[in-house]
Each structure stands twice: as C-alpha cells, then as structure tokens.
Amino acid sequence: MTKVVTTKTTTKTPKQEEEEPSSSSSISFYSSRRLKLYTPAEIEHCESSETIAKYINAKTIQSKNTGTTYKARLQSFAQFVYRSYNQIPVDELLECIKAGEYDPYDILSEYSGFLRNGRQNDNKLTANVIRACVKTVRKYFRFSKILVTVEDFKELVPLPRKEQPTKEGIDKADVARYLNACKNIQLKTALHVIAANGPRPIELCAVRECDVNLDSDPATITYTAEYSKMRVARTRPLTREAANQLRLWNKFKYRTRWTTVKEEENGEYVRKFAAPKRNRYNLLLSMPHLNGEKSTPEGLYDYFAEAFAELVDTLDNGGGGGDGSDSNNDSSIRKVGERRKVTLKTFRDFVKSTISDLGYSDFSEWMIGHAGSTYYQKSEKERIDLFRKLEPYLTYLDLESLEAKGADVESK
C-alpha cells in the first residue's frame, strides 16, 4: 500500500517546461494488487488527503500493522468519495460535513451500500470486511472532530450481519503428517515450535537467538513484547522434541558451506567455502547472510506462510480431502481466493484445544499467552511439573520418548 516515488532530473528549455505538465518529472509506482482495485487517480485522491495521512500516522504509532490495515480501508473510502461526490477532495468533504451541508450518517450509509454493490465477482467484499471498513471511517470521522455517536451509528447506518464461518480443527495425526511431509528444515523447525506451545506466528518470527535457552530443563523460549499482541513479553517451556529440532536447526544454520560473498576491496562477487558468524541478536529462524543482510520478522512471516501454503496444497489438494488422496468432488477443491482450512494459526488452535481437553483450561490460556483468570496463579515449579505431564500430548515424531512414556505407564 506504500507509494514509491522516484524523481529524474533533466535539463529542459522553457518551451519544453510549458508543453509538459509539472508532474511529469516524477513517476509514481503502486503495488499491483492496489492497481487492480483502484485507478491511479483514485489512489492519488487518497494520498493527497492530509487528514487521512494524519490519521494513519497516529495509528501507526500504536501499531504498524494497524496503520497498514486502516490505510487500505480508507483507500476504499477515498474511492467512494471520488466516484460518488464528483471527485471532491476528502478533506473538503469533511469540511462540508462540519458545516452541516452533509449528514455524516447518510454518508456512512451510502458508503456501506457502495462497498456492498461496488465490486463484483472475485473482488466482492465479505460482510465482515464491509463492517470493518465502515467502522474505520466512523473512527476517522471522530478523529477529524465530526460528532458520530455509537448509539446513533447503530440505529442509522445499516450494516450486513456479521458472518461467523465454522472452523475445522486438526488432530495429532494431522500435525505429524504435516511435519513428516515438510522437507524444508527452516519451516519444519517453525512448525515444531508452534505445535509445542502455540505462539502466534509473528511472535515466533520475532524471536532472537538470545531469547532461547536450550541448556535449561526444560528448554525455554521468550517471546518479546514488541511483536506480542498485548505487548507483554512471556517465557514458555519447550518440549524435548522441539528443543532437539532447534539444536538441529542451529547446526544447519551455522554449517560451513559454499556461498557467494561480495568482496569489500573491489566489490566483486566470489564463491568461497565459509561459515556464517554467530550473532546472538539475529532472528532465531532467519538464514544468516555473510554480507551482513538481516531478515525482518515480517519477511520471515511471509516466507513461512507461503511455504506452508504450498505444503498444504500439496498434501490436501487445495484444502480438500485430508488424506491427501485425489478427489473428483468439486467441493473438495479450494477456489481461487478462498482461505485455506489449515494455516499456521491452526497449530496454535490445536495446542489450546489439546491442553483444554485434558482438563487444564486455565493452563492452556497461560500457555498460549492469553490473559486468563486473574485468580489463576501457579509457582514456576508447579507449572513445569504440569508441563511435563502434558508434554507427551504435544510430542509428535519423537518415538523414543512416546514409547518410554507408554512403558512407564504400563509398569505403574
């Protein structure tokens, strides 16, 4: 959603300056997805609004992801103003509302209808997206000092009913199937950790090497506050299986191998046999670069999401039959643009459901980082003992540990 502007400076005669528009010296580039939905004029209509820019900057201070999401929603509002109000600037429309020329509730109602009927076929918006967009514009009005009360908004602005699609969970056999089929050690390590204690994927992508302690018993991992949803850091235990997988990843990550390096003296790229230097502040699941380039949590998240989507499509025929067999049933084939039934977050859901079904609902809330009950307090030793009881249910491929646990139960 970000506009990138490049300026090319050339020497022109006064006659050429009169013949060419002043904006020809700068060329604006927008993302291809944005250009599929909006014309360049509609995008510029949003970019030129000072109040939208001010509002997005305020939201970005709270959260970068929130600012990006709100920018996308207000772009659709700028498109609505451009088409429905004779290309009037958004800031000018707000002044007209403050002057009493337009009713803000009428504009919000028209905007809701525009979202419902303005797009067709593949670009048609769902009811939940429409509700979110209209509510964002309501907040934008209030930020611009336009009085819009929540009570009047509910009564006067029609919104489609909220959709609550059903979710399909997975079982332990499904988790093991995805782990066994994963040939990418980087993705497999991420899946092991998510399936061990259920972090949000972006939280795992932001973990640094110094945030993992594989020498403690049990091994622990700390999720930083910066990328936590509630901005609270937390330390959670790891299963032996996940800890062993992290050790394997660590060996693979810092192995000596042939790689291409840019020489500092002449700037040429050469092939050499070398090992990356260790840096405890590097991201845990990032692949180190000898040239000093560093990955970002957002970039890692996009990589894991895309790689896991390919794995799901390979195993489940696009989200259909869970046994991986070929199916001629059209309903089992995922449509273009349709969300997959299994995502990275599904593993987090599995961890929460598994621990809750064993009778430890409060512990499951603590495990995945939810607030839970204020009355639920346990000592560290009690939490470790409880985690040891639950560890076999969060172990998927470590047959030795599972067999030893079974033998111990039989002996008792």
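Located above this text is the structure these notes cover.
Residues numbered from 1 in each chain as written. Predicted model: local features only at pLDDT ≥ 70, side-chain atom pairs only at ≥ 80, totals over all residues. Heavy atoms only, no water.

Here's the deal with the overall build of the chain
And then number 1: When you go through the chain residue by residue, the secondary structure sums to 18 helices and 7 strands.
And then number 2: Every one of the 412 residues in the chain was classed for burial, and the buried ones make up 38%.
And then number 3: A fraction of 63% describes how many contacts in the chain between residues 6 or more apart in sequence connect residues 24 or more apart.
And then number 4: For the chain, the exposed surface amounts to about 24,700 Å²; the carbon and sulfur share of it is 49%. (Helix = DSSP H or I, 4+ residues; strand = E, 2+ residues; numbered from the N terminus. Buried < 20%, exposed > 50% of the residue type's maximum accessible area, 1.4 Å probe, protein only. Contact = heavy atoms within 4.5 Å. Areas by Shrake-Rupley, 256 points an atom, 1.4 Å probe, with all protein chains shown as cover.)

Quick word on the environment of T343
And then number 1: Secondary-structure assignment places T343 in the loop between α14 (297-316) and α15 (344-357).
And then number 2: Taking the C-alpha atoms as reference points, T343 and A305, 38 residues apart in sequence, are found 7.7 Å from one another.

Comments concerning the nonpolar core
And then number 1: Judged by nonpolar contacts, the single largest core of 51 residues is most densely connected at L204, I221, F308 and F363.
And then number 2: The residues touching L204, leaving out its near neighbours within four places in the chain, are A190, V193, I194, P199, I221, Y223 and L285. (Core = buried A, V, L, I, M, F, W, Y, C linked by side-chain atoms within 4.5 Å.)

Observations concerning helix α4 (residues 50-62)
And then number 1: Over its 13 residues, α4 runs 19 Å from end to end, which matches the ideal 18 Å to within 8%, given 1.5 Å per residue.
And then number 2: Buried within α4 are the following residues: I52, Y55, I56 and K59. Buried positions in α4, seen along its axis, are confined to an arc of 100 degrees and lie on one side of it. For α4, the exposed residues lying more than 90 degrees away from the buried face are E50, K54, N57 and I61.
And then number 3: In this structure, the buried side of α4 is in contact with α3 (40-47), α5 (64-84), α6 (90-98) and α8 (127-143). (Expected span 1.5 Å × (residues − 1). Arc of directions from axis to C-beta.)

Focus on the packing of aromatic side chains
And then number 1: Counted under the stated rule, the structure contains 20 aromatic pairs.
And then number 2: Taken together, the ring pairs in this structure connect Y55, Y70, F77, F80, Y85, Y102, Y111, F114, Y140, F141 and F143 into an aromatic cluster.
And then number 3: Sitting over the face of the ring of W366, R236 holds its NZ or CZ atom 3.9 Å from the ring centroid. (Phe/Tyr/Trp six-rings, centres within 6.5 Å; stacked < 30°, edge-to-face > 60°. Lys NZ or Arg CZ within 6 Å of the ring centre and 35° of its normal.)

Considerations on the sheet that holds strand β4 (residues 220-223)
And then number 1: If you walk across this open sheet you meet the 3 strands as β3-β4-β5, and the pairing is antiparallel. Edge positions in the open sheet fall to β3 (212-213) and β5 (234-237), since each of these has one partner strand only.
And then number 2: Where β4 meets β5, 4 bridges bridge the pair, whose relative direction is antiparallel. By the bridge assignment for β5, I221 is matched with R236. (Pairing = 2+ DSSP bridges.)

Structural notes on a positive patch on the surface
And then number 1: Together, K135, K139, K154 and K162 give the surface a local cluster of positive charge.
And then number 2: In this structure K154 comes out as exposed when scored by relative accessible area, which is 64%. (Patch = residues over 30% accessible without salt bridge, like charges linked within 9 Å, V, L, I, M, F, W, Y side chains within 5 Å. Salt bridge = Lys/Arg side-chain N within 4 Å of Asp/Glu carboxyl O. Lys, Arg positive; Asp, Glu negative; His and termini not counted. Charge placed at Lys NZ, Arg CZ, Asp CG, Glu CD.)

Here's the deal with the pairing of strand β6 (residues 257-262)
And then number 1: Here β6 shows a clear split, with R257, T259 and V261 buried on one side and none of W258, T260 and K262 buried on the other.
And then number 2: Here β6 pairs with strand β7 (residues 269-274) via 6 bridges, running antiparallel. Note on β7: the bridge partner recorded for T260 is R271.

A closer look at the pairing of β4
And then number 1: The two faces of β4 differ: I221 and Y223 on one face are buried, but T220 and T222 on the other face are not.
And then number 2: In terms of strand pairing, β3 meets β4 through 2 bridges, oriented antiparallel. Paired with N213 across the bridge in β4 is T220.

What about the side chain of Q79?
And then number 1: Its place among the elements puts Q79 in helix α5.
And then number 2: Exposure remark for Q79: the relative accessible area of 3% places this residue in the buried category.
And then number 3: In contact with Q79, other than residues within four places in its own chain, are L37, Y38, E42, F114 and R119.

Focus: helix α7 (residues 104-117)
And then number 1: Here α7 contains 14 residues, and its C-alpha end-to-end distance of 20 Å stays within 8% of the 20 Å for a straight helix at 1.5 Å per residue.
And then number 2: Of all the positions in α7, only P104, Y105, I107, L108, Y111, S112, F114 and L115 are classed as buried.
And then number 3: In the core, the buried residues of α7 are packed alongside α5, α6, α8 and α9 (150-156).
And then number 4: Its side-chain oxygen at 2.7 Å from the backbone nitrogen of Y105, D103 defines the N-terminal cap of α7. (Polar contact = N/O pair within 3.5 Å; in protein donor to acceptor, adjacent residues only side chain to side chain.)

Looking at the side chain of S364
And then number 1: Structurally, S364 is set in helix α16 (residues 361-368).
And then number 2: Not counting residues up to four positions away in its chain, the partners in contact with S364 are K352, I355 and S356.

Thoughts on the packing of α4 against α5
And then number 1: In the contact formed by α4 and α5, the axes pass within 7 Å of each other and the chain directions differ by 155 degrees. Overall, the two elements α4 and α5 adopt an arrangement that is roughly antiparallel. Seen along the crossing, α4 lies across α5 with a hand that is right-handed. Across the interface between the two elements, I52, Y55, I56, K59 and T60 of α4 pack against K64, T66, G67, Y70, K71 and L74 of α5.
And then number 2: When grouped by side-chain class, the residues that make up the contact of α4 with α5 number 5 nonpolar, 3 polar and 3 charged. (Axes fitted to C-alpha atoms, helices over the stretch in contact; angles between N-to-C directions. Parallel < 35°, antiparallel > 145°, perpendicular 65-115°, else oblique. Left-handed = near helix turned anticlockwise from the far one by under 90°. Nonpolar A, V, L, I, M, F, W, Y, C, P; charged D, E, K, R; others polar.)

Focus on the environment of I56
And then number 1: Considering the arrangement of structural elements, one finds I56 in helix α4.
And then number 2: Placed 15 residues apart in sequence, I56 and K71 show a C-alpha to C-alpha distance of 6.3 Å.

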